[in-house]
Amino acid sequence: MFDLLVILIPALPLVAVLLNGLLGNRFSHDAAHRLACGSVGLSFLSAILVFAQTLRTGVVREVMVYRWIFGGDLTVNLAFLIDPLTCIMLLVVTGVGFLIHLYSIGYMHGEEGFTRFFTYMNLFMVSMLLLVMGNNYLVLFIGWEGVGLCSYLLIGYYYGRVSAAKAATKAFVVNRIGDAGFLLAIFLVFVNFNTLDYTQVFAQAGQLSTSMATAITLCLLIGAVGKSAQIPLYTWLPDAMEGPTPVSALIHAATMVTAGVYMVVRNHVLYDMAPVAMTTVAWVGGGTALFAATIGLVQTDIKRVLAYSTVSQLGYMFLACGIGAYTAAIFHLMTHAFFKALLFLSAGSVIHALAGEQDIRKMGGLRRKIPWTHGLFLVGTLAIAGIFPLAGFWSKDEIMAHAFTHGYYVLYVMAAIGAFLTAFYMFRLTYLTFYGQSRVDHHVAEHIHESPGIMIGPLVVLAVLSVVGGFPGVPPESGWFHHFLHPVAAAAGEEPAHGAGVGLLTMLMVIATLIALLGWGLAHYLYSVRPDAAQQWAARAPQVYTTLLNKYYVDEFYDLVVVEPTKRLGLLWDWFDRSVIDALVLGVGRMTQSGSALSTAFEKYVIYGLINVLGYGNHRAARSWRKLQTGKVHHYAAIIVAGLFILVHLILVWWTGSSGVGVALK
Amino acid sequence: MLEELTFGFPILSLLLFLPLMGAMVLWLLEEDDLIKNAALAVSGAELILALVVLLRFLPDSAAMQFSERLPWIPPLGISYHLAVDGISVLFVGLTAFLTVLVVLYSWDTVRHQIKAYFMALLALETTIIGIFVSIDLILFFVFWELMLIPSYFLIKLWGSGVERQYAALKYVLYTLMGSVFMLVGIVLLNLNYHAWAVTHHVEPTYTFDFLQLLTVPIPHDKQVLIFWLIFLGLAFKAPIVPFHTWLPDVLMEGPIGMAVVLAGIKLGTYGFMRFSLPLLPEASKSQGVMKVMMVLALAAIVYGAIVAFIQPDLRRLLAFSSISHLGFVVLGVFALNFQGLQGSLLTMINLGFSTTGLFFLAGFLYTRRHSTHLSAFGGIAKQVPLLATYFLIIGLASIGLPGTNGFVGEFLILLGAFKAHWIYGAVGVSGVILGAAYLLWYYERAMFGPLGQGLGHALADLRARELVIAVSLSVMIFWIGLYPSPFLRIMNGSVQALVERLERGTVAAGTGEQTPVLAHRAHQNVLGGRAQ
């Protein structure tokens, strides 16, 4: 029964994918979305039951489905692992996923390709569930690339737009770079442990040398950095905002991008053995948290601000992993899923109300026109800014407190600055969108409307979760959440309750709150009290402003050093390939005329010479290959055959002479 | 051995000559529709026969199955010896499967000399099946060469490009040139056997039979020489960089049907697994040979992918993509371990579904625009959603996305290569990134974005016959990707035997017993296989 429930979790959305994918064009929109949402809803129910069972018995279960790849010393099963970590991920993925599916019914209403949208969304659910449920690296990898595919499909949903098509390709390829690193990690794991099952790998982890553990975990990190949009592979995520807003909420905020964090926590046994890798994770995380926040300060697209805030928040989770606060990382993953989904979806509600407008310079004063959306967005903002006692406060504070109490002061300061910036740009976003004078287009302004209940309903649930979602983790480091996850996510030798004094922790909480309030205050001053001040500040440091606005020119830099050289190399090699053929076709004479560079010499002496050596002798006598088919075929064929005959003869003579069987030949 | 599988019925001979007999029947027919239907019937019957062989085939066995052996030229030790094992049997099925699809594809895309076209196609099928079922090396070589005749005419007469004559001749000359060296290698194997047989008083003293050749030791330096001779034959056919320059031309200029056969049926790399490795194990695993092969493989992967990256023409892109994929196959073969060999074998089969699928799609595009160049497309996904969808599915298989067949093969190859030396795996992985880049970039520009300029009239989406091709390929892609078990079981026994053969080498085989390694395992596994 339990096994069946476990299998049903990914199987239900899969059935929906097949039905909608194969027969979708015959379904009505209602049938399509009922199937899609219903399957995810049932999947969520199954997840709850599985979670309840695990909570009650505390037993870690493995569920085998079938033998997938096997032969020699390798056996990979399609099998699932159900432990507390998986349970939390299951609840987040199916729960938030279900709400976003419901919301999509309203948001995507009347869109072209409605059924296609839900098919992709369900396929995403399947992939994400495989990712978090797999009991070995390869099943995780199916999900890992599967979510990348769905992300590709959904970013490119409006494929008629060039920017969407480009963003989709970019997302897939950048993710693939990470995936390649992840593959290398898998190979290293197999070479060292001769298995890919987590339980066996972690049980034998002790025999691993530190350098090998470092190699494995750094390769894993490459994968995580790609999927979770960390420095240096974060560039695809802001572009991914080309997809419909529910996609941004589900994939590019709440679930898929957290896969890297999940994976690191899942492998924490290996990370614990590799201090160098841990330090790298922490600094990548801390650096990204701060870096992305600075870009978020000046962006003008409502979704892009949220995208950079996602990159930044994921940085906090990596930072937590890097300092060994795995539970805190998962805790922040969960609360972030709530409030970021809320923010994205209410941003979607704004966009919906404004008929597709995403530029915050063309918003403003929407508070009264769409009060529900305003209220919900505000809750999300308060939560992400870390205002007491909302969800984001508890999880972010825990990460920062852990950094401080464990002596990572520099990282703490980075995180604190990041928190300040986060509060600032999120309230900036709120003020620019909902307060002040309306800057909305007249035509659009006439049609501003609050979103329908099917969209607001899920938002209310998410808002409630954003408010109370932090309480399972209270008190910090010894809440229910920590005890539940302790068996799978505790760093080696760590106890759930930490020794730091209550006084210190309280002080840190106060500081965190003050930082958030400071950010809020500054935003209030700049965008509410003195609306012109922001522009003055920007004008005072134009270079800083443009650099931030252009995202530090990182995309341009990558284009310059990676994409363009690859294209150039391709062109060069293609020319090389063709000119060899040309040389063969048109003869040496023309080749030596047309090219004088080194490359020509290379063609002539290496490639052409090789062909020459292989039997096409006498090419100097050949005016052109083309002649072969215009009358001189016999002539050349005769030369070739004669040459080969001599060659064969020489080989045979050598052979028989040296092996002593010449007699036998006679 | 194992004739009892078909109660003594020579099923492989039937399989071998059915298409040729069909071609002769076609000769007698006059009406075009009748010819097409007859061709479809013949290739269909062939596919059914191939399926019978696959179903009756004992999995998890290294045995040569369905053997048929008759003397042909006894004084020289040449025999008509047919059999299949886990390495070759899947190719037989693949060839039969693809021929049916090519017949379907050609149905209304070939417009002139229809009778001759289908005759040539069926004759080609016979020669390719011959390559896979031949155990005698001369027999193998005969089919290897005979294949060129129908190929030549198919490219020359039904090619789509203006340079098709040149391409046809180039293909034939390149392959012929390599073949001569291969023939020398084969003769040297025979001579080596002869020398051994004479000193050990074994009859007969001449043989070209693969299984008998396995029983004698071959000195190391001779092995290396023979290896490189055979290598040339295989490298031109495969093709392996830098012997590849005929491929883009033939795939561009030739008909799609021929492109499917040449890109989908990996004869060259099959030859390495079938003959080079088991006959020349010491040479294959010697550092010199292995390193050169691995470097060639990695060069092909990167070179092919990067050149493919900038191609604006789909067929040329696919040609270089094929070269890149062949690099993967060679990488796996010369990793010389279980995963590498298994992955390569599976990948060769996989490419028969994915690369050919992409060529079919190129053909579908060609039918609509008389071009596969990007300039003829752009934003057509809206007009041809089905075509775009199958393009993506098959493209993702080619990229090696988990859940498709491509992943299973590519993963095993890279794992095997990584086990051989981490650097091979690490460089090979770059192909995974580049593969995604070149294919998706083309896809983006051809399918996405606004409708291209000057593309006024609407394109028709996939027609019924085209849909049959796309769907059947997709089914295979997901089957192997999600549940590869039947395929892996078919190949595992033979791959294991090959690994053991590589470990023991030929020296251990010089005891005079007949096929000690293979026969032993075969017997063991037949019993085991029956029990399951």
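Residues numbered from 1 in each chain as written. Chains lettered and ligands numbered in written order. Predicted model: local features only at pLDDT ≥ 70, side-chain atom pairs only at ≥ 80, totals over all residues.

Colleague: Before we move on, can you summarise the overall build of chain A with the specific residues and values?
Modeller: Counting secondary structure elements, chain A contains 29 helices and two strands. In chain A, buried positions account for 53% of the 666 residues. For chain A, long-range pairs separated by at least 24 residues make up 79% of all intrachain contacts whose partners lie at least 6 apart in sequence. (Helix = DSSP H or I, 4+ residues; strand = E, 2+ residues; numbered from the N terminus. Buried ≥ 20, exposed ≤ 12 C-beta atoms within 10 Å, placed from the backbone. Contact = placed C-beta atoms within 7 Å.)

Colleague: Before we move on, could you go through the overall build of chain B and cite the residues and values that matter?
Modeller: A tally of helices and strands in chain B yields 22 helices and two strands. Computed over C-alpha atoms, the radius of gyration of chain B comes to 22 Å, within 12% of the 24 Å expected from 2.2 N^0.38 for 532 residues, which places it in the range of a compact globule. With the C-alpha coordinates aligned to their principal axes, the bounding extent of chain B is approximately 80 × 55 × 50 Å. Expressed as a percentage of the 532 residues in chain B, the buried residues total 67%. Considering only contacts in chain B between residues 6 or more positions apart, those separated by 24 or more positions represent 81%. (Rg over C-alpha atoms; globule rule 2.2 N^0.38 Å.)

Colleague: Residues and numbers for the pairing of strand β2 (residues 74-82) of chain A, please.
Modeller: Residues and elements named next belong to chain A. Where strand β1 (residues 61-71) lies against β2, nine bridges are found, and the strand directions are antiparallel. Of the residues in β2, the one forming a bridge with Ile69 is Val76. From the end of β1 to the start of β2, which pair antiparallel, there are two residues, and Gly72 there has a positive phi angle of about 60°. (Pairing = 2+ DSSP bridges.)

Colleague: Give a detailed account of the interface of chain B and chain A, specifying residues and quantitative values.
Modeller: Listed by partner, the interface residues are 53 residues for chain B and 52 residues for chain A. Elements supplying a minimum of two residues to the side of chain B that touches chain A: α7 (164-200), α14 (287-309), α16 (338-369), α18 (405-420), α19 (422-447) and α21 (485-504) of chain B. Here the residues of the side of chain B that touches chain A sort into 37 nonpolar, 12 polar and four charged. (Nonpolar A, V, L, I, M, F, W, Y, C, P; charged D, E, K, R; others polar.)

Colleague: Which residues make up the nonpolar core, and what are the values?
Modeller: With 456 residues, the main nonpolar core has Ala341(A) and Leu331(B) as its most contacted residues. Apart from residues no more than four positions distant in its own chain, Leu331(B) is found in contact with Met294(B), Ala297(B), Leu298(B), Ile301(B), Ile413(B), Ala417(B), Tyr424(B) and Gly428(B). (Core = buried A, V, L, I, M, F, W, Y, C linked by C-beta atoms within 7 Å.)

Colleague: Just give me the short version of the pairing of strand β2 (residues 78-84) of chain B, but keep the residues and values in it.
Modeller: All names here are of chain B. Counting buried positions along β2 gives six out of seven residues, so the element sits mostly inside the fold. Looking at chain direction, strand β1 (residues 65-73) and β2 are connected through six bridges and run antiparallel. Following the sheet pairing, Leu70 is matched in β2 by Tyr80. Where β1 folds back onto β2 in an antiparallel hairpin, the turn is made up of four residues, including Gly77, whose phi is positive at roughly 75°.

Colleague: I'd like a description of helix α4 (residues 114-133) of chain A, backed by residues and values.
Modeller: Across its 20 residues, α4(A) extends 29 Å between first and last C-alpha, which sits within 8% of the 28 Å expected from 1.5 Å per residue. The buried fraction of α4(A) is high, at 20 of 20 residues. (Expected span 1.5 Å × (residues − 1).)

Colleague: How would you explain the confidence of the model for chain B if you had to name every residue and give the values?
Modeller: Overall, the prediction assigns chain B a mean pLDDT of 88, with 93% of residues at 70 or greater. Reported for the predicted complex are a pTM of 0.89 and an ipTM of 0.90. (pLDDT = per-residue confidence, 0-100.)

Colleague: I'd love a proper account of the packing of α16(B) against α18(B), names of residues and values included.
Modeller: Residues and elements named next belong to chain B. For the pair α16 and α18, interaxial distance at closest approach is 7 Å and the crossing angle is 150°. The angle between α16 and α18 places the two elements in the roughly antiparallel class. By crossing handedness, the relation of α16 to α18 is classed as left-handed. Judged by residue contacts, Gln339, Gly340, Gln342, Gly343, Ser344, Leu346, Thr347, Asn350, Phe353 and Ser354 of α16 engage Asn405, Gly406, Val408, Gly409, Glu410, Leu412, Ile413, Leu415, Gly416, Ala417, Lys419 and Ala420 from α18. Among the residues forming the contact of α16 with α18, the class breakdown is eight nonpolar, 12 polar and two charged. (Axes fitted to C-alpha atoms, helices over the stretch in contact; angles between N-to-C directions. Parallel < 35°, antiparallel > 145°, perpendicular 65-115°, else oblique. Left-handed = near helix turned anticlockwise from the far one by under 90°.)

Colleague: Account for the packing of helix α15 (residues 314-333) of chain B against α19(B), with residues named and values stated.
Modeller: If you want to describe how two helices pack, look at the angle between their axes and the distance between the axes. Residue and element names in this part refer to chain B. Where α15 meets α19, the axes come as close as 11 Å, and the angle between the chain directions of the two elements is 160°. As summarised for this structure, α15 and α19 are arranged roughly antiparallel, according to the angle between their axes. As for the relative orientation of α15 and α19, their crossing is left-handed in sense. Here Leu314, Leu317, Ser321, Ser324, Phe328 and Leu331 of α15 lie close against α19, whose contacting residues are Tyr424, Gly428, Gly431, Gly435, Tyr438 and Tyr442. Per-class residue counts for the contact of α15 with α19 are seven nonpolar, five polar and no charged.

Colleague: Can you explain helix α3 (residues 84-107) of chain A? Please cite residues and give values.
Modeller: Taking 1.5 Å of rise per residue, 24 residues should cover 34 Å, and α3(A) covers 34 Å from first to last C-alpha, within 8% of that figure. Of all the 24 residues making up α3(A), 23 are buried; the element is thus mostly covered by neighbouring parts of the structure.

Colleague: I'd like a description of unusual backbone geometry, backed by residues and values.
Modeller: With omega at 5°, the peptide bond leading from Ile231(A) into Pro232(A) counts as cis. Within the element layout of this structure, Pro232(A) appears in the loop between α8 (210-227) and α9 (236-239). If you check the backbone angles, Gln113(B) has positive phi at about 50° while not being a glycine. Looking at the secondary structure, you find Gln113(B) in the loop between α3 (89-106) and α4 (114-133). Of note in the backbone geometry, His201(B) takes a positive phi value of approximately 55° without being a glycine. Mapped onto the elements, His201(B) comes out in the loop between α7 and α8 (210-213).

Colleague: Give a detailed account of the environment of Leu421(A), specifying residues and quantitative values.
Modeller: Residue and element names in this part refer to chain A. Along the polypeptide, Leu421 turns up in helix α18 (residues 409-434). On the basis of neighbour count, Leu421 is assigned to the buried category, with 23 C-beta atoms found within 10 Å. Separated by 150 residues in the primary sequence, Leu421 and Tyr271 have C-alpha atoms spaced 30 Å apart.

Colleague: How would you summarise the confidence of the model for chain A if you had to cite specific residues and measurements?
Modeller: Residue and element names in this part refer to chain A. On average, residues of chain A score 83 in pLDDT, and 85% of them are at 70 or above. Here residues 606-637 scores under 50 on pLDDT; set against residues more than four positions off or in separate chains, the count is 37 contacts. Of the regions scoring below 50 in pLDDT, residues 658-666 engages in 11 contacts with residues more than four places distant in sequence or in other chains.

Colleague: Describe the environment of Leu517(A), and please don't skip the residues or the numbers.
Modeller: Following the sequence through the fold, Leu517(A) ends up in helix α22 (residues 502-529). Note: C-alpha distance between Leu517(A) and Ala423(A) (94 residues apart in sequence) is 7.5 Å.

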